[in-house]
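As a plain string of letters, each chain reads:
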Amino acid sequence: MVFQRDVAPGIHRLEHAYTNQYLVEVDDRLVIVDAGLPRSYGPLVEAIHHLGHDVDVVSALIITHGHFDHVGTARRLAKHWRIPVHIHRDDAWLAAHPYRYAHQNATRLGVPLRNPSSWKLLSSMAFAGAFKVRGVDAAQLTTFDDDAELPGGAEVIPTPGHTFGHASLHLPDRDAVISGDALVTLDPYTGAHGPRLIAGSATADLERNRASLDAIAATGAKSVLPGHGVPWHHGAAAAAERARHTDS
Ligand SMILES: [Zn+2]
Ligand SMILES: [Zn+2]
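Notes on the structure follow. (Residues numbered from 1 in each chain as written. Chains lettered and ligands numbered in written order. Predicted model: local features only at pLDDT ≥ 70, side-chain atom pairs only at ≥ 80, totals over all residues. Heavy atoms only, no water.)

In total, this model carries seven salt bridges according to the counting rule given. With a closest N to O distance of 3.3 Å, Glu 207 and Arg 210 form a salt bridge. On the criterion of helical spacing, the pair formed by Glu 207 and Arg 210 is a turn pair, its members being three residues apart in helix α7 (residues 206-218). Residue Asp 214 is joined to Arg 244 by a salt bridge in which the shortest nitrogen-to-oxygen separation is 3.0 Å. (Salt bridge = Lys/Arg side-chain N within 4 Å of Asp/Glu carboxyl O. Helix = DSSP H or I, 4+ residues; strand = E, 2+ residues; numbered from the N terminus.)

Take the sheet that holds strand β9 (residues 154-158) next. Taken in spatial order, the five strands line up as β8-β9-β10-β11-β14 in an open sheet, and their pairing is mixed. Where the open sheet ends on each side, the last strands, each with one partner, are β8 (149-150) and β14 (223-226). Direction of pairing for β9 relative to strand β10 (residues 167-171): antiparallel, over a ladder of four bridges. Within β10, the position partnered with Pro 158 by the bridge is Ala 167. The sheet strands contacting α7 are β9, β10 and β11 (176-180), and the helix crosses β9 at an angle near 155°. (Pairing = 2+ DSSP bridges. Contact = heavy atoms within 4.5 Å. Axes fitted to C-alpha atoms, helices over the stretch in contact; angles between N-to-C directions.)

Our focus in this paragraph is the sheet that holds strand β6 (residues 85-88). Strands sit in the order β1-β2-β3-β4-β5-β6-β7 across an open sheet of seven strands; the sheet is mixed. Strands with a single pairing partner mark the edges of an open sheet, and in this sheet they are β1 (2-8) and β7 (141-144). Taken over all neighbouring pairs, the strand axes of this sheet differ in orientation by 25° on average, direction set aside.

Attention now moves to the nonpolar core. Grouped together as the largest cluster of nonpolar side chains are 38 residues, with contacts concentrated most on Leu 23, Leu 44, Leu 61 and Trp 81. Those elements that provide at least two residues to this core are β4 (29-33), α1 (41-50), β5 (58-62), α2 (68-71), α3 (74-81), β6 and α4 (92-96). With five residues, the top contributor of residues to this core is α1. Discounting chain neighbours no more than four positions away, the residues touching Leu 61 are Ile 32, Asp 34, Ala 35, Ala 74, Leu 77, Ile 83, Pro 84, Val 85 and His 86. Grouped together as the second largest cluster of nonpolar side chains are 21 residues, Ile 11, Ile 62, Ala 148 and Leu 150 included. (Core = buried A, V, L, I, M, F, W, Y, C linked by side-chain atoms within 4.5 Å. Buried < 20%, exposed > 50% of the residue type's maximum accessible area, 1.4 Å probe, protein only.)

A separate point is unusual backbone geometry. A positive phi angle, near 60°, is found at Tyr 18, a position not held by glycine. Along the polypeptide, Tyr 18 turns up in the loop between β2 (11-16) and β3 (19-26). Not every positive phi belongs to a glycine, and Arg 82 is a case in point at roughly 55°. Mapping Arg 82 onto the fold places it in the loop between α3 and β6. Accessibility expressed as a relative area gives 72% for Arg 82, which makes it exposed.

What follows covers the packing of α7 against helix α8 (residues 236-244). Contact geometry of α7 with α8 gives a least axis separation of 8 Å together with a crossing angle of 170°. As far as their axial angle goes, α8 and α7 are roughly antiparallel. Counting all contacts with α7, which are made through Arg 210, Leu 213, Asp 214, Ile 216 and Ala 217, the residues of α8 involved are Ala 236, Ala 237, Ala 240, Ala 243 and Arg 244. Across the contact of α7 with α8, the residue classes break down as seven nonpolar, no polar and three charged. (Parallel < 35°, antiparallel > 145°, perpendicular 65-115°, else oblique. Nonpolar A, V, L, I, M, F, W, Y, C, P; charged D, E, K, R; others polar.)

Here we take up the coordination of the zinc ion (ligand 1). Where a metal carries four tetrahedral donors, each ideal angle is 109.5 degrees; where it carries six octahedral donors, the ideal angles are 90 or 180 degrees. Around the zinc ion (ligand 1), the donor atoms from the protein are His 65 (NE2), His 67 (ND1), His 162 (NE2) and Asp 181 (OD), and they sit 2.1 to 2.3 Å away. Angles of 90 to 169° at the metal separate the four donor atoms of the zinc ion (ligand 1), which places the site in the irregular class. (Donors = N, O, S within 2.8 Å, 3.2 Å for Na, K, Ca; no water. Tetrahedral: all angles 85-135°; square planar, octahedral: opposite > 155°, others 65-115°.)

The next point concerns α1. One turn of an α-helix holds 3.6 residues; hence residues three or four places apart share an orientation. Within the span of α1, buried status applies to Tyr 41, Pro 43, Leu 44, Val 45, Ala 47 and Ile 48. Looking at the buried residues of α1, the elements they touch are β1, β2, β3, β4, β5 and α3.

For the zinc ion (ligand 2), the full set of protein donor atoms is Asp 69 (OD), His 70 (NE2), Asp 181 (OD) and His 228 (NE2), at a range of 2.1 to 2.3 Å. In this structure, the zinc ion (ligand 2) is coordinated by four donor atoms arranged in irregular fashion, with angles at the metal of 87 to 159°. One chain supplies every donor for the zinc ion (ligand 2), spaced along it as D-H-x110-D-x46-H. A separation of 3.4 Å is found between the zinc ion (ligand 2) and the zinc ion (ligand 1), which are bridged by Asp 181.

A few words on the packing of aromatic side chains. Within the structure shown, the criterion is met by one aromatic pair. One Lys or Arg, Arg 39, reaches over the ring of Phe 127 and ends 4.7 Å from the middle of that ring. The positively charged end of Arg 76 is found above the aromatic ring belonging to Tyr 41, 3.6 Å away from the centroid. (Phe/Tyr/Trp six-rings, centres within 6.5 Å; stacked < 30°, edge-to-face > 60°. Lys NZ or Arg CZ within 6 Å of the ring centre and 35° of its normal.)

If you want it as structure tokens, here you go:
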């Protein structure tokens, strides 16, 4: 695991199995963004302890989208930590069935096989429980719409394409946007680095994803905090411009 404090003011990054979660300080509580893989539970608890807190300071979980690598511990957190789990209403079904996702290219396995550099990443995700994710019960979910304001003052930036209900989160007071998998700096399916879209093998609609980059750019945020890869601090517009030219 990698634990990186203050990637933006009061936002900490936990990376486990090449997948990010963010711990956002809100007054004296913590809001968690994304739920990693099943075995990310231990690293998450460790990260909270690192900050000098116990898990009871966590007040909410927000999920950017319903893929297995972003909902891995959600069921457990909802049940044992008794926190609300917020997700866009168009991804709620996916969060309950995290393997039934749409993807653009039929040859889903073809991508990693053609890209040996991704083997290490994908096997790490597999070891972290990627194939053992249990969906979240619909009753455990609190759904939101496009214009919602979420805990911590996070503004929803609808960014459909990677999934149909994908939501990025703009935190204006931190000059940051949490972009989930709408814009990443590491594609776990190809091993490619730098601001980009995720390969069509794992993305529902690449052209829609590309169009959603405008909304990320429009935040004007300095920092982009992606679902996979390292933070980008050279502005949302520059990250979006680079991602637009992803050739996948
Ligand atoms: Zn995803
Ligand atoms: Zn992901």
